[in-house]
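# Secondary and tertiary structure notes
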Amino acid sequence: MSALLECGTLKTWSVIVTILGDLAGAPEAHVPGPVLSALTERMGLRGQAMRVALHRLRRDGWITSSRDGRASRYMLTGHGLALTLSVSDQVYGAAPPAPQGWRIVLAPSGEAMTALDHPDAILIAPRVALLPEGTGPNGAEDVPAPLLAWDVAPGAVPGWLGETLAPPDITHAYARLTRALALAAEVPLPPSPLDRAALRVLALHQWRRLVLRHGPGPEALMGAQWPGAKARSGLTRVMQIIPRPDPCALAESL
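In this report, the structure presented in the accompanying data block is examined. All values derive from a computational prediction rather than experimental measurement.

The rules behind each value
- Residues numbered from 1 in each chain as written.
- Predicted model: local features only at pLDDT ≥ 70, side-chain atom pairs only at ≥ 80, totals over all residues.
- Heavy atoms only, no water.
- Pairing = 2+ DSSP bridges.
- Helix = DSSP H or I, 4+ residues; strand = E, 2+ residues; numbered from the N terminus.
- Buried < 20%, exposed > 50% of the residue type's maximum accessible area, 1.4 Å probe, protein only.
- Axes fitted to C-alpha atoms, helices over the stretch in contact; angles between N-to-C directions.
- Parallel < 35°, antiparallel > 145°, perpendicular 65-115°, else oblique.
- Left-handed = near helix turned anticlockwise from the far one by under 90°.
- Contact = heavy atoms within 4.5 Å.
- Nonpolar A, V, L, I, M, F, W, Y, C, P; charged D, E, K, R; others polar.
- Salt bridge = Lys/Arg side-chain N within 4 Å of Asp/Glu carboxyl O.

### Things to note about the sheet that holds strand β3 (residues 71-76)
Sheet strands line up and pair through hydrogen bonds in the backbone, either parallel or antiparallel. Ordered by their spatial adjacency, three strands build an open sheet running β1-β3-β2, and the pairing between neighbours is antiparallel. Every interior strand has two partners, whereas the edge strands, β1 (31-32) and β2 (63-68), have only one. Bridging between β1 and β3 involves two bridges; their strand directions are antiparallel. Within the sheet, the bridge partner assigned to V31 lies in β3 and is Y74.

Here you go:
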């Protein structure tokens, strides 16, 4: 677990979203408060930080809570669940959710490029962008007439473009995570169900923290040898070794 903890600073509110999204990612599903506390404590997060984070998430409409005897139980709101499910394929998929293809797009002006207003467009110069095909209005298959577009082959981008798609700091972060995930998959699993659950959630969170910083472009275009693609494979292996636990069963193990 220590190698995963060194992969990046944990933000308590974001860890809670990861826990609820993984263990209670279905309507009406919940995580008992004592389980949430036990998992965050195993990641070195303090109780006061968790209370502040829970307040923030309730205020922002991400989570809701109810009483279960003397304890609370927490669940995602409809809004929080919808946002979580919208990135589920990107986070959990064994392969990146890439579109059918990508094209490089040239625009006569910065304003013309801005007018595309496509959520997955990757700007690589003021008038040059990468755009995925088959993604609705203003995708690469229907760019306006003043713009030019042609195909880009995944896995064959030049080095300078690779550094634009995946800057060195991101690439190094993925490489570190890949090593930590490999270690997590090789060492003996903790005997405690809560320790195993904490290891799973921590691995998932460190991956989620990185992969949601960009769209599908870098993985789709950089190829299988890119550290980000290797990190996805490493996470898939950890998720297989440590299946998603039942929060109620975790509560019984306390």
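### Comments concerning the pairing of strand β6 (residues 128-132)
For β6, the tally of buried residues reaches five of five residues, placing the bulk of the element in the interior. Burial along β6 is two-sided: V128, L130 and P132 facing one way and A129 and L131 facing the other are all buried. Inspection of the sheet shows strand β4 (residues 102-106) paired to β6 by five bridges, in the antiparallel sense. The residue of β6 that forms the bridge with V105 is A129. Judged from the three bridges that link them, strand β5 (residues 122-125) and β6 form a sheet pairing that is antiparallel. Its bridge partner being in β6, I122 is matched across the sheet by L130.

### Thoughts on the packing of helix α9 (residues 168-186) against helix α12 (residues 227-241)
Relative to each other, α9 and α12 sit at 25°, their axes nearing to 8 Å. In terms of orientation, α9 and α12 fall into the roughly parallel class. Every pair of crossing elements has a handedness; the one defined by α9 and α12 is left-handed. Touching T171, Y174, A175, L177, T178, L181, A184, A185 and E186 of α9 are P227, G228, K230, A231, G234, L235, R237, V238 and I241, all from α12. For the contact of α9 with α12, the per-class residue count stands at 11 nonpolar, four polar and three charged.

### With respect to the pattern of salt bridges
Counted under the stated rule, the structure contains five salt bridges. Of the charged contacts in the structure, one is a salt bridge between D22 and R200, with a shortest N-O distance of 2.8 Å. Here R200 lies in helix α10 (residues 193-211) and D22 lies in helix α2 (residues 12-23), a separation of 178 residues in the sequence. In terms of burial, D22 and R200 fall into one category: buried. For the salt bridge of R56 with D60, the shortest nitrogen-to-oxygen distance reads 3.8 Å. R56 gets classed as partly exposed once you look at its relative accessible area, which sits at 34%. A relative accessible area of 38% means that D60 is categorised as partly exposed. Among the ionic contacts, a cluster of salt bridges with common partners joins D22, R200 and R244.

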